[in-house]
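# Coordinates in review
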Amino acid sequence: MYQIVLTTLLLVPLGASAQVGTVRYTHTYPVLYSHYYAYRDATSDMYGDEFVAPPTHATVSRSMVFDTAASLMYPTDKPYVELGDRKIHEGEEHNDTVYVNLSSGAYTESRAINWGVYLVSDQQPAIPWRLEDEERVYLDRRVMKATAVVDSAAIEAWFTPEVPIPAGPGLYGGLPGLILMVTNMASGEVYAADSLVMGVLARTVVPPTGGRKTSDKEYRRIRDAEIAEDRRLWEWQLRLIEEGKVVILKRRGQ
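Predicted model only: the values in this text are computed from it and were never measured.

### Some thoughts on the packing of aromatic side chains
Using the criterion set out here, one finds three aromatic pairs in the structure. Both rings, one in tyrosine 118 and one in tyrosine 219, keep their centres 5.6 Å apart while their planes meet at 65°; by these two values the pair is edge-to-face. With a gap of 101 residues between them, tyrosine 118 in strand E6 (residues 116-123) and tyrosine 219 in helix H4 (residues 216-242) connect regions that are remote in the sequence. Taken as a pair, tyrosine 118 and tyrosine 219 share a single burial class, namely buried. Geometrically, the ring pair formed by tyrosine 172 and tyrosine 191 is edge-to-face, given 6.2 Å between the ring centres and 75° between the ring planes. In this pair, tyrosine 172 is assigned in the loop between strand E9 (153-160) and strand E10 (178-184) and tyrosine 191 in strand E11 (residues 190-198), connecting sequence segments 19 residues apart. Judged by relative accessible area, which is 13%, tyrosine 172 ranks as buried. Taken together through their ring pairs, the aromatic side chains of Tyr25, Tyr172 and Tyr191 make up a single cluster. Residue placement shows arginine 62 over the ring face of tyrosine 29; its charged tip is 5.8 Å from the ring centre.

### Some details on the environment of isoleucine 179
Structurally, the position occupied by isoleucine 179 is in strand E10. Residue class for isoleucine 179 comes out buried when judged on its relative accessible area of 0%. Taking the C-alpha atoms as reference points, isoleucine 179 and valine 23, 156 residues apart in sequence, are found 9.9 Å from one another. Those residues in contact with isoleucine 179 that lie beyond four places of it in its chain are Tyr25, Trp129, Ala157, Trp158, Phe159, Ala167, Gly168, Pro169, Tyr172 and Gly173.

### Looking at the pairing of E9
Counted residue by residue, E9 has six buried out of eight residues, so it is predominantly covered. In this structure, strand E8 (residues 141-150) lies alongside E9, joined through seven bridges in antiparallel fashion. Within the sheet, the bridge partner assigned to threonine 147 lies in E9 and is glutamate 156. Direction of pairing for E9 relative to E10: antiparallel, over a ladder of six bridges. Within E10, the position partnered with threonine 160 by the bridge is leucine 178.

### So, H4
Each turn of an α-helix holds 3.6 residues, which means side chains three or four residues apart point in the same direction. With 27 residues, H4 should cover 39 Å at 1.5 Å per step; its first-to-last C-alpha distance of 39 Å lies within 8% of that length. Buried within H4 we find Asp216, Tyr219, Ile222, Arg223, Glu226, Ile227, Glu229, Asp230, Trp234, Gln237, Leu240 and Ile241. Directly beyond the C-terminal end of H4, a positive phi value near 85° is found at glycine 244.

Scoring rules and cut-offs
- Residues numbered from 1 in each chain as written.
- Predicted model: local features only at pLDDT ≥ 70, side-chain atom pairs only at ≥ 80, totals over all residues.
- Heavy atoms only, no water.
- Phe/Tyr/Trp six-rings, centres within 6.5 Å; stacked < 30°, edge-to-face > 60°.
- Helix = DSSP H or I, 4+ residues; strand = E, 2+ residues; numbered from the N terminus.
- Buried < 20%, exposed > 50% of the residue type's maximum accessible area, 1.4 Å probe, protein only.
- Lys NZ or Arg CZ within 6 Å of the ring centre and 35° of its normal.
- Contact = heavy atoms within 4.5 Å.
- Pairing = 2+ DSSP bridges.
- Expected span 1.5 Å × (residues − 1).

Here is the structure:
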């Protein structure tokens, strides 16, 4: 069934592929927090504060412009498409702007962890999509269902063959049509399209340029080291408090 449907979908007239557009998504994603919040929980009574646990997920609006060659996703409500002067809070990670070459699968993405801004370039992960025999209407367009399992996480996507561009939000893509909705069942991450306007590019489809250049593997190493440092610092302060000492902790870079 997969091979039959995929072959049929790829038999699209050449004229239909010459498309550009702008799609806006509501993006819900898990938030990476510093161990500062564990420290706040443990010391709130000591300081007479009421500790309110941070939400596990955040929701933002992201837009994506695309043509037949590439796509660019960026925060909808920002007048710029890179991190630039955006305030980065301690212990938080931002995956901000991502450009994908649709033919080669190469991507460039602005990311930040704590005070560091990085320009990550790598290959888009290969997702083993399986086309399912389910269809419905979404944003007045026919969409089809695709599923995959990536690192033990079930992924569900809905794409429209009416826009035969293999683009999608974030680093999701590779289907014979534009992805309008995708859900990671394990992490709770969801991209849901709010609008799709064909023939209009809200921005030029060009890659971001700001930040320290690195690979995805190296960025993940840096991110894990930052998280480990946060853990060490806050656990150290808790030990000092338990010993009756008072400290004012400043994290590296403050």
